[in-house]
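Each chain, letter by letter, is given below.
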Amino acid sequence: MARMKSLVNKDGEANHKTVDEFDIVIVGAGHAGAHLVNGLVRSKFTGSVLLVSDEIFQPYHRPPLSKEYLKTENIKPTPLLTGGALSSPNVTFIPGCRISAGDLQAGALTLTNGAELSFKKLVLATGASPRKLTVEGSDLEGIVSLKTLLDAEKIRDSLLQTKDLVLVGGGFINLELAFSLAGAGRNITVLEQTPRLLQRAVSPIMSEFLKTQAEKLGVRILLNEEVSRFERDDNRVSHVVTAAGERFKAGLAIVAIGSVPESKLAQDLGLECSNGIIVNGKLQAAPNVYAVGDCVFFPDPTAGHSLRLESVQNATDQASYVAEELAGSEQEDYNRVPWFWSVQGDNRLQIAGLAKPGTKLVVSGDPANANFAVYHYVDKLLCAVETINRPGEHMLARKILKDNFSPTEEQVMQGVDEIKAALAYWKTKTP
Ligand code: FAD
């Protein structure tokens, strides 16, 4: 790590304090930040790299937190930094500290511990945070969100005290939690504001399938239910009350109603933000500044507009892309087929592509057997494929979406061999 003089102080005057200088500073050590470090180490990048995390742990995989983590004793978090990234002499990791301010022109950053440093290239991988409910009583004890290992530990402790759980929001995280925690004498109620589960992410067929599966395990799922306030017993939540006036006993309320991009630092640095940090096709927010992962609003050539995604695939693919950029590779603009997975009890849901509202749906297989696929079409063009317990078909879906191939309804109904044959034939005809 090189040492140098700070360029300016807070008042813009020359500063004579010594600060650390890095070739690359990465803010945030979630999937995107950690994967970027892995990529740089793998490509034998020789410059100095600093990874700063406001969490106190070494970077870890988040998806298990809502799946096996809470139902398994003595489970350890799965580390994200691999391949000797932490022992690499040119990588520095600072946990438990935020980058609080900076000056892009001067290439200078300030940490919450007061330290200052300078960078040549900056990567913002600041992620997204759980959206907060702002109704009466939202700040009572026993009302939590799940994002970090510390949140998971809080939930684990509460599970020792109560069997009455109300999960506010019927999205991926709360549904995974409902499946993971069902049984053991617990009363689990999911309150969802819209008419169906996962409304923005999956087809009505998938919403209904997951609802039926959860209900089979004794989870109570109530739709069109808006939470209006929390009642207390001392300082702790006792009931969740809906707009319709129903009261649900709750020793623990888990709120998972979506996420908001962490773009405050980017804004303070003068970068343009809307639904996330705005980047160009090279994932650049400004000269020498990149942004990756959940915090990014990026142009998607397939969708034809900019969007923000929250998934491990998006975080790691964007990190790999920027690792190549930083290593000096010549690349086309970023363009990947999005995909996503979720484990809902015994069922593995996978999604390739992006479903849009109002698509024509073609179903192959039978939801009653927990083994089926839902193909989404806009006109005759395939845009997404959802599968339950069909990993091979999911991989094929990613391939055909990448190739811009759309099988016909008949081919889908005949199964994957027919789709593969149609794809092979189509390739011989397509220049
Ligand atoms: P994050 O993982 O959010 O990491 C960003 C980090 O930056 C955070 O630690 C944040 O605190 C830190 N940070 C922010 N600002 C600063 C600052 N100024 N200074 C220092 N540090 C800062 N995705 C899937 O595809 N499949 C799944 O099954 C799945 N399950 C999930 C289950 C749970 C419980 C959760 C919470 C998420 C799940 N996800 C899943 C989503 C996936 O984990 C995220 O899409 C992914 O973590 C995004 O990575 P990221 O690096 O962009 O952001």
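Before any of the text, the structure's been laid out above.
Here is a short report on the structure shown in this document. Small disclaimer: the values here were computed from a predicted structure and weren't measured. (Residues numbered from 1 in each chain as written. Predicted model: local features only at pLDDT ≥ 70, side-chain atom pairs only at ≥ 80, totals over all residues. Heavy atoms only, no water.)

We now examine the overall build of the protein chain. Along its length, the protein chain carries nine helices and 28 strands. Relative to the globule expectation of 22 Å for 431 residues, the C-alpha radius of gyration of the protein chain, 23 Å, shows essentially globular dimensions. Among the 431 residues that make up the protein chain, the fraction classed as buried is 49%. Taking contacts inside the protein chain between residues at least 6 apart in sequence as the whole, the part at least 24 apart equals 59%. When the accessible area of the protein chain is evaluated, it comes to approximately 20,500 Å², of which 50% is carbon and sulfur surface. For the protein chain, the centre of its 45 positive side-chain charges and the centre of its 50 negative side-chain charges are spaced 3 Å apart. (Helix = DSSP H or I, 4+ residues; strand = E, 2+ residues; numbered from the N terminus. Rg over C-alpha atoms; globule rule 2.2 N^0.38 Å. Buried < 20%, exposed > 50% of the residue type's maximum accessible area, 1.4 Å probe, protein only. Contact = heavy atoms within 4.5 Å. Areas by Shrake-Rupley, 256 points an atom, 1.4 Å probe, with all protein chains shown as cover. Lys, Arg positive; Asp, Glu negative; His and termini not counted. Charge placed at Lys NZ, Arg CZ, Asp CG, Glu CD.)

In space, the five strands of this open sheet follow the order β24-β25-β28-β27-β26, with antiparallel pairing throughout. Of all the strands in the sheet, just β24 (339-344) and β26 (360-366) have a single pairing partner and so form its edges. Shown here is a sheet whose adjacent strand axes are inclined to one another by a mean of 15°, direction ignored. (Pairing = 2+ DSSP bridges. Axes fitted to C-alpha atoms, helices over the stretch in contact; angles between N-to-C directions.)

Our focus in this paragraph is the side chain of D300. Counting through the fold element by element, D300 comes out in strand β22 (residues 296-300). Of note is the side chain of D300, whose polar atom sits 2.7 Å from the backbone nitrogen of A303. For D300, the residues in contact, after removing those within four places along its chain, are H305, S306, L307 and R336. (Polar contact = N/O pair within 3.5 Å; in protein donor to acceptor, adjacent residues only side chain to side chain.)

Let us now look at the side chain of T162. Tracing the chain through its elements places T162 in the loop between α2 (149-159) and β10 (164-168). Residue T162 is classed as buried on the basis of its relative accessible area of 10%. Excluding anything up to four places from it in sequence, T162 contacts G251 and L252.

This part covers the site of the ligand. By nearness alone, 33 residues border the ligand, and D54, E55, R62, K67 and K147 come closest of all. A distance of 2.8 Å separates an oxygen atom of the ligand from a polar atom in the backbone of A32. Surface burial for the ligand is 95%, taken as the share of its 990 Å² of free accessible area covered by protein chains. (Near = heavy atom within 4 Å.)

Note on soluble globular proteins: their nonpolar side chains tend to be buried together. Among the nonpolar cores identified, the biggest contains 53 residues, and V25, I26, L36, L122, V123, L124 and V322 are the most heavily contacted of them. Examining the composition of this core, we find that six residues originate from one element, helix α6 (residues 312-326), more than from any other. If near-sequence neighbours (up to four positions away) are discounted, V322 is found in contact with L36, V123, L283, Y290 and V292. Core analysis: the second largest hydrophobic core is formed by 37 residues, Y60, F179, F209 and I254 among them. (Core = buried A, V, L, I, M, F, W, Y, C linked by side-chain atoms within 4.5 Å.)

Helix-helix packing: each pair is described by the crossing angle between the helix axes and the interaxial distance. Close contact between helix α7 (residues 391-402) and helix α9 (residues 416-429) brings their axes to 11 Å; oriented N to C, the two are set at 20°. Classified by the interaxial angle, the pair formed by α7 and α9 is roughly parallel. For the element pair α7 and α9, the recorded crossing hand is left-handed. The residues of α9 that touch α7, namely those facing E393, L396, K399 and I400, are V416, I419, K420, L423 and K427. (Parallel < 35°, antiparallel > 145°, perpendicular 65-115°, else oblique. Left-handed = near helix turned anticlockwise from the far one by under 90°.)

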